[in-house]
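Letter by letter, the chains look like this.
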2 protein chains.
Amino acid sequence: MKQLILTCVIFCCGIFGVLKAENLTSPDGNLSLDFRLLEDGTPVYSLQYKGRSVIKYSEMGFLIRPDYAFDKGFRKMFVRYAETDTVWHPVLGQYRDIRDHHKEMFVMLEQPSTGWKLNIRFRLFNDGLGFRYEFPVQESLRNFSLKEEMTEFRLTGDHKAFWLPGDYDTQEYPTTTSRLSEVVSLVDSVRLEPLAAKSFTPNLAVQTPLMMKSDDGLYINIHEAALVDYPAMQLNLDDKNFCLSSHLVPDKNGIKGFIQTGSVTPWRTVIVSDDARDILASNLILNLNEPCKLEDTSWIHPVKYVGVWWEYFTGQGSTWAYTKNQDIVIGKTDYTKEIPNGTHAANTAHVKEYIDFAAKHGFDAVLVEGWNEGWEANFAYVKEHIYSFTKPYPDFDVEELHRYAAEKGVKIIMHHETTSSVADYERQMEDAFRFMADNGYDAVKTGYVGPIIPRSEYHDGQWMVNHYLRVAKMAAKYKAMVNSHEAVRPTGLCRTYPNWIAQESARGTEFESFEGNRPDHTTILPFTRLMGGPMDYTPGIFEGDLSVYGPNKAQLSTTLVKQLALYVTMYSPLQMAADLYTNYEKYPDAFRFIKDVAVDWDNTYILEAEPGDYITIARKTKGKDEWFVGGITDENSREAEIDLSFLPEGKSYEAVIYADGKKADWRTNPKDYVISTRKVTSKTVLKQRLAPSGGVAVSIRPLSR
Amino acid sequence: MKQLILTCVIFCCGIFGVLKAENLTSPDGNLSLDFRLLEDGTPVYSLQYKGRSVIKYSEMGFLIRPDYAFDKGFRKMFVRYAETDTVWHPVLGQYRDIRDHHKEMFVMLEQPSTGWKLNIRFRLFNDGLGFRYEFPVQESLRNFSLKEEMTEFRLTGDHKAFWLPGDYDTQEYPTTTSRLSEVVSLVDSVRLEPLAAKSFTPNLAVQTPLMMKSDDGLYINIHEAALVDYPAMQLNLDDKNFCLSSHLVPDKNGIKGFIQTGSVTPWRTVIVSDDARDILASNLILNLNEPCKLEDTSWIHPVKYVGVWWEYFTGQGSTWAYTKNQDIVIGKTDYTKEIPNGTHAANTAHVKEYIDFAAKHGFDAVLVEGWNEGWEANFAYVKEHIYSFTKPYPDFDVEELHRYAAEKGVKIIMHHETTSSVADYERQMEDAFRFMADNGYDAVKTGYVGPIIPRSEYHDGQWMVNHYLRVAKMAAKYKAMVNSHEAVRPTGLCRTYPNWIAQESARGTEFESFEGNRPDHTTILPFTRLMGGPMDYTPGIFEGDLSVYGPNKAQLSTTLVKQLALYVTMYSPLQMAADLYTNYEKYPDAFRFIKDVAVDWDNTYILEAEPGDYITIARKTKGKDEWFVGGITDENSREAEIDLSFLPEGKSYEAVIYADGKKADWRTNPKDYVISTRKVTSKTVLKQRLAPSGGVAVSIRPLSR
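An account of the accompanying structure is given in this report. (Residues numbered from 1 in each chain as written. Chains lettered and ligands numbered in written order. Predicted model: local features only at pLDDT ≥ 70, side-chain atom pairs only at ≥ 80, totals over all residues. Heavy atoms only, no water.)

### Focus: unusual backbone geometry
Leave glycine aside and you will find that most residues have negative phi; peptide bonds, for their part, are mostly trans.
Now for step 1: Look at the link from T208 of chain A to P209 of chain A: it is a cis peptide, with omega at -5°.
Now for step 2: One can find P209 of chain A in the loop between β16 (205–206) and β17 (210–213).
Now for step 3: The peptide bond linking I453 of chain B to P454 of chain B adopts the cis configuration, its omega dihedral lying at 20°.
Now for step 4: With phi around 55°, F242 of chain B is a residue other than glycine that occupies positive phi space.
Now for step 5: With respect to the secondary-structure elements, F242 of chain B resides in the loop between β19 (233–238) and β20 (243–248).
Now for step 6: One non-glycine residue, S505 of chain B, lies in the positive phi region at around 60°.
Now for step 7: Structurally, the position occupied by S505 of chain B is in the loop between β29 (502–503) and α8 (521–524). (Helix = DSSP H or I, 4+ residues; strand = E, 2+ residues; numbered from the N terminus.)

This is the structure in structure tokens:
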């Protein structure tokens, strides 16, 4: 990716031992940051938006084990200002051009009592603040461990928040909407949610991205950018003073991080606006990540895929496992001598059906889960060598499927479910990626179900954070894209490693077959989980009544049309059409939208947005005069207003509108939909009723087509 | 290796619900084992030697997490008897032929309350008992974790014991000799010993191999054999009842093992005799290990080596590190741009000097420590990616040294110090062994200094036990021998994986440069550490006064001749001549013994032995009419009686006798030695005075030579 540096002015001013505040404003002047040292040498910062306080004076720094206060006793040493204005181009994205325009304040501190040095770099964009700590190389501080990062975010009041309970192992809780003061009374019941790995924070804490709304109408989003070699940050909640503070994910010995000087922390991000749409339009987190580190990105491409997947959740009896023998031992058990269970879905013939369907309807790829040895006895945590990542089951013919898929112009997506036996996965990892390269795979879905082995680690601690990135780098070596599930939530690293194409890292569609998702779920996720990067939400469920398959009584939380709209509202360059293909064959007119919709974009227009209520987004297909619109609502029906002024002026287009039917309702009549076509221009404003938990999806193409 | 099955008779008898004792005797009838179930269904065993009690009725079984008693409530189901008498041939060893003659009792138990099944296999040899638990595949018990193994060893009295304090991370303590009742008053001071990684057992416990002597003159050795996929066993000490009980090394979460049924535990071994020499002569532990699993062993060979090693300990200033920059980052730092520190020992020119010396004096190999990137900042535990195992320092020319060594007929021994960053080593391991194969290395010394990463693990827990074996297997794949330092103490696995040629796993010669070894140290180790397998003790220090090099005031704990004798008394097919070669050049006549002595044997004769006091051993060189004798004593001088009746009758031989000089004393005059030559026959009995902490070394060859 080329970077065009438009402006880069550096101001320097050395200020020694002065306690007065340093100030930085955003390029547009709306945001203002103050930084100063308190009398005891504690660094503090505050943030204002259009003259209103967003973050009150909040402390910064660290506790270094064993109990060295590295958050006070500083004297200011040096402050340097700079401004940068550049445009860069993501390999895949919501925008072809992303502008990075920020002002920077770089503060170099020293703690005279220890001689230790700490730098803080602030960057103020028009849409928010990012700051990080930097540990310069220094003689008296070299390798140390963290007891805690002491960063505070002192809020101005009892904001409405969209929160997940603090947990070191999962982001798969449903999001709860409440005031901050109400979290304490709600958190225990939220934690009852059955999840494969849960490790509660010992105190009251919530996770990031944390979306909030103040009583005076400010939208505030706190997260982090560029999480590399550091634990994920959760936020302690002091619900008396509405003070959030950093709570790094520890290892099981209680150590929160191992630092070598010459390194930096992730960026702490505060995105602010009085218009919720600006939150979704923000590229602040991507801008704080480093430019692409891959020299060749020609092999990275958007992926729309189907897969041997949903049938495992419907209750129809498909199994990942090949046999019923749970006493298998990887490397010893000869599967060709095992009795097949008759329900193994990832068999050659069945996968060919998926390949045929994908080829017929223009999908790029077929995900196949359950192809490899080990699923019979994938007991989490008590067993370490669970899977082989290079040995297929006897009924999965790797070579034949490679040949067949290639002939049809379709890729097979590899699946590496680790069941969180991560050290064992790392042992096999290079062989696994070599196996992929040898057999025509260019993408892998990874999975981390259950608690982590090594047993000192949590999903979101520093060790695992390093692991996920290690996988992305190893994949890049073998020109493979990674779609990680149950990994730490993203922080914009897809800019730097664009082959890390998508993640799950939140409650996805699979939960529609368990305890369910709420109608407001996907109106929140873009404000929370998706702030850090694309989500493989796996939408596209047409048959939402799972009782048609068997004993599972689960009901989808949306109308069918809302499922279509999610392809636009839930950004990902990797999108699944998750339902059984037989269901798509029943609704070919609605399926048309899934076939048509793009997954990589020139531009994105956030038309309407209110977290927890509704989202309407339009996007222009990358390199094409073609637009797609998706609108969704929560449990309340509403009228979406789709202002098409983003279209080029003076030209007419054909819009195909996929709308909830008049009687549509997610509870009673989810599959009632109406498809209509009309001519539109940049002056058109479509008004479209959305059913309870309904949606609208629109494709817009030149009339000539 | 060929196995000749001489006898194998199987008796079967099914006995249901009967509480009477089952009995097994050793082939020679000296040992007798009873097994029965107590009224509450607790399995117990006892052991007698020549009618004297060795182990009183002692309980067996497990506690399975969370708190399932799997040590009572059994009813006896089935008992099967067998006898085996075979001879096998180790690839390298103290004996060309090893006889495995034992009687076996196999007990199948079931716990009616749970339906769980547990088998116990007892093997009684003439020199002791082995038993192990076996977990058969069963429907209701598949994967489980261990809270504890409940095996007891109820002793008959307050035996004299040679003990190390219970510790999960190290066997490098000096051995303490005391009665069992005195351990409690001594253990705290022993634990003060400064070691790189220490993790005390929370309760009073000692390590195995535990050597004991009863007041009525029985020598009892407790250890284990075939430690695979299971934690090492330490022994809780109940010093009121003189009851030892299994204390498995846990992980840091307190879980002691993860078991999948269809597996077996290591063997618990009790070697017994009224003659201490029988303990040293025992092959029981090897016999309980599985036969060699490597198809091709032609590449495994004995190794006598020198190395770039002792100079790091002498205080003369040699460094493993290449630069003084401790802020290096592996993979980022360009060492060619770093300033050399001028003291880096593993440089091409200096290594060539060692190669020249090795070639001149007939050594097989040269160990080179400090050849690879990372030593400047090898901070244990706080840093994970410490070393590269494939990138040499700029002044270590891998290709040129490969060429030079090959030309001289010498091998270079690879060094993989992991500083216990084990997950990171595993990531690099296959590349590291491929690098070795590509560059002519056929042996590696591994190291595990400091606490383990993953941080859930201890050196001797199940996870690390699996790691060490994984290294041996990976090495075998690349036809490399392994000499592991700071790994879990051996349990005879060198039979099964003969490329795992030696280990340190105890307090070796390096401690002579730190806090020192005691004069009795090497009279104990063969009864403790060496019971499980060869030790790379690295003897051969001629210049024992380290103050000649610099500020280090350490003094060697032996005479020079005792250093020679160790090549015979401390069995290892891999032996180092550890001193600086310049010191050998000063004493060419004494050095002659190190050059001559064999390291692989046809036969071994334990001539004299009393743990903690003295050992005299003779050995016949493999495939040659040539014998070597080594005798050592503790701080007391003594007269060794070397009965040469092992020599073939009727032939005369020339013996070269390396003896302490008249004024020799380890404290005052360690380098006083006398070399004499005399004719000997099988009727000769040499009487030789050994100085305080002195020794005697003899080489015996046909007169014609």
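### As for the packing of helix α6 (residues 422–438) of chain B against helix α7 (residues 462–477) of chain B
All names here are of chain B.
Now for step 1: Taken N-terminus to C-terminus, the directions of α6 and α7 make an angle of 10°; their axes are 10 Å apart at the nearest point. Judged by the angle between their axes, α6 and α7 are roughly parallel. Where α6 abuts α7, its residues V422, Y425, E426, M429, E430 and F433 lie against W463, M464, H467, R470, V471, M474, A475 and K477.
Now for step 2: Of the residues that constitute the contact of α6 with α7, the class distribution is 9 nonpolar, 1 polar and 4 charged. (Axes fitted to C-alpha atoms, helices over the stretch in contact; angles between N-to-C directions. Parallel < 35°, antiparallel > 145°, perpendicular 65-115°, else oblique. Contact = heavy atoms within 4.5 Å. Nonpolar A, V, L, I, M, F, W, Y, C, P; charged D, E, K, R; others polar.)

### Quick notes on the relation of the copies chain A and chain B
Note that the two copies of the chain are related through a rotation about an axis and a translation along the same axis.
Now for step 1: The two copies are related by a screw motion: chain A maps onto chain B through a turn of 180° and a shift of 0.0 Å along the axis, at an RMSD of 0.0 Å. Both chain copies can therefore be described as sitting about a two-fold axis. Taking C-alpha positions as the reference, the residue of chain A nearest the rotation axis is S456 of chain A, at 2.2 Å.
Now for step 2: The share of interface residues of chain A whose copies in chain B are also at the interface is 100%, consistent with both copies meeting through the same surface. (Least-squares fit on C-alpha atoms with pLDDT ≥ 70 in both.)

### Details of the state of the cysteines
Now for step 1: Under the definition given, this model contains 0 disulfides over all chains.
Now for step 2: Free of any disulfide, C292 of chain B has its nearest neighbouring cysteine sulfur in C494 of chain B, separated by 11 Å. (Disulfide = S-S within 2.5 Å.)

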